[in-house]
Amino acid sequence: TGAPSSPVMRVVKFYRPQRWSDAQILEDHAFSIDLSEREIPVVAPLEISGYTLHHFAAMRFAVFPRRGGRAPELEDEKVLEWIGRFLGRIHAVGATQPFKLRPALNLESFGTEPRDWLLASGMIPQDLTETWETTVDLALQGVENRFEIIKTKQIRLHGDCHAGNILWTHE
């Protein structure tokens, strides 16, 4: 008998009920696996007994390998260059085919609809409503103008890209 092996560490992600369908989650998993197979350093869900999405009672979850890392040094130009290269590669893979089921990240779903919901909700103080609406409309117009300039097409994206979701290592 040898020394005991160290335990394999895993991370379990639970999916909020009613947010996405199983098919939408599986489409997201397939994108992560596609990126991983192309040697883009993403953490893709593990396939267990042929499945990446699992159910227990009313809960849905996926199991991922545990990966270490820390927040990237965003002031370091070399780090930013590496991040930019990987984001470019992710976008290139994402452009090879569209999502069919995942909700689109566009001006309507992430701009106009939330603005309208907030205005209708009454959560914005009445004395600030006009200024708030004017400011948001100007921001949305700027985004719309930018989309017009670059003539964007819909591609598959992670959709939640921020420094807290980057596990940076020097390896």
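Owing to the predicted nature of the structure, the values given are computational and were not obtained by experimental measurement. (Residues numbered from 1 in each chain as written. Predicted model: local features only at pLDDT ≥ 70, side-chain atom pairs only at ≥ 80, totals over all residues. Heavy atoms only, no water.)

A. Summary view of unusual backbone geometry. Of note in this structure, Gln 18 is not a glycine but carries a positive phi near 70°. Positionally, Gln 18 belongs in the loop between β1 (10-15) and α1 (22-37). Notably, Glu 39 is not glycine yet its phi reads approximately 60°, a positive angle. By the secondary structure assignment, Glu 39 is in the loop between α1 and β2 (54-56). (Helix = DSSP H or I, 4+ residues; strand = E, 2+ residues; numbered from the N terminus.)

B. Representation of the sheet that holds β2. With respect to topology, three strands assemble into an open sheet ordered β1-β3-β2, the strand pairing being antiparallel. In this open sheet, the two edge strands, each paired with only one partner strand, are β1 and β2. For this sheet, the mean angle separating the axes of adjacent strands, direction not counted, is 40°. Both β1 and strand β3 (residues 59-65) contribute to a ladder of six bridges, which runs antiparallel. Bridge pairing in β3 links Tyr 15 to Arg 60. Across the sheet, α1 is in contact with β1, β2 and β3; its angle to β3 comes to roughly 10°. (Pairing = 2+ DSSP bridges. Axes fitted to C-alpha atoms, helices over the stretch in contact; angles between N-to-C directions. Contact = heavy atoms within 4.5 Å.)

C. Quick peek at α1. Look at α1: 22 Å from first C-alpha to last across 16 residues, which is about the 22 Å you get at 1.5 Å a residue. Buried within α1 are the following residues: Gln 24, Ile 25, Glu 27, Asp 28, His 29, Phe 31, Ser 32, Asp 34 and Leu 35. On its buried face, α1 sits against β1, β3 and α2 (77-94). Just downstream of α1, Glu 39 is the residue with a positive phi angle, here 60°. (Expected span 1.5 Å × (residues − 1). Buried < 20%, exposed > 50% of the residue type's maximum accessible area, 1.4 Å probe, protein only.)

D. Representation of the side chain of Arg 156 in the model. Along the chain, Arg 156 falls in the segment after α4 (129-150). Look at Arg 156 and you get buried, because its relative accessible area is 4%. Reaching out from Arg 156, the side chain makes a polar contact with the backbone oxygen of Val 93 at a distance of 2.9 Å. Engagement of the side chain of Arg 156 in a polar contact is seen with the backbone oxygen of Gln 97, the distance being 3.0 Å. For Arg 156, the contacting residues outside a window of four places in its chain are Phe 31, Asp 34, Val 93, Gly 94, Thr 96, Gln 97, Pro 98 and Phe 99. (Polar contact = N/O pair within 3.5 Å; in protein donor to acceptor, adjacent residues only side chain to side chain.)

E. Structural context of the environment of Tyr 15. Mapped onto the elements of the fold, Tyr 15 is located in strand β1. When the C-alpha atoms of Tyr 15 and Thr 135 are compared, they prove to be 34 Å apart, with 120 residues separating the residues in sequence. Setting aside its immediate chain neighbours within four residues, Tyr 15 contacts Ile 25, His 29, Leu 53, Arg 60, Phe 61, Ala 62 and Phe 64. Within polar-contact distance, the side chain of Tyr 15 engages the side chain of His 29 at 2.7 Å.

F. Molecular detail of the pattern of salt bridges. Taken as a whole and judged by the stated rule, the model has eight salt bridges. A salt bridge links Arg 115 to Asp 116, with the shortest nitrogen-to-oxygen separation between them at 2.8 Å. On the accessibility criterion, Asp 116 (37% relative accessible area) is partly exposed. Overlapping salt bridges bring together Asp 34, Arg 38 and Arg 156 as one network. (Salt bridge = Lys/Arg side-chain N within 4 Å of Asp/Glu carboxyl O.)

G. Molecular detail of the nonpolar core. Grouped together as the largest cluster of nonpolar side chains are six residues: Phe 31, Leu 35, Ile 40, Ile 90, Val 93 and Phe 99. For this core, the elements supplying multiple residues, two or more each, are α1 and α2. With sequence-adjacent residues up to four places away left out, Val 93 is seen in contact with Phe 31, Asp 34, Leu 35, Arg 38, Ile 40 and Arg 156. Formed by five residues, the second largest nonpolar core is a distinct cluster that contains Tyr 15, Leu 53, Ala 62 and Phe 64. (Core = buried A, V, L, I, M, F, W, Y, C linked by side-chain atoms within 4.5 Å.)

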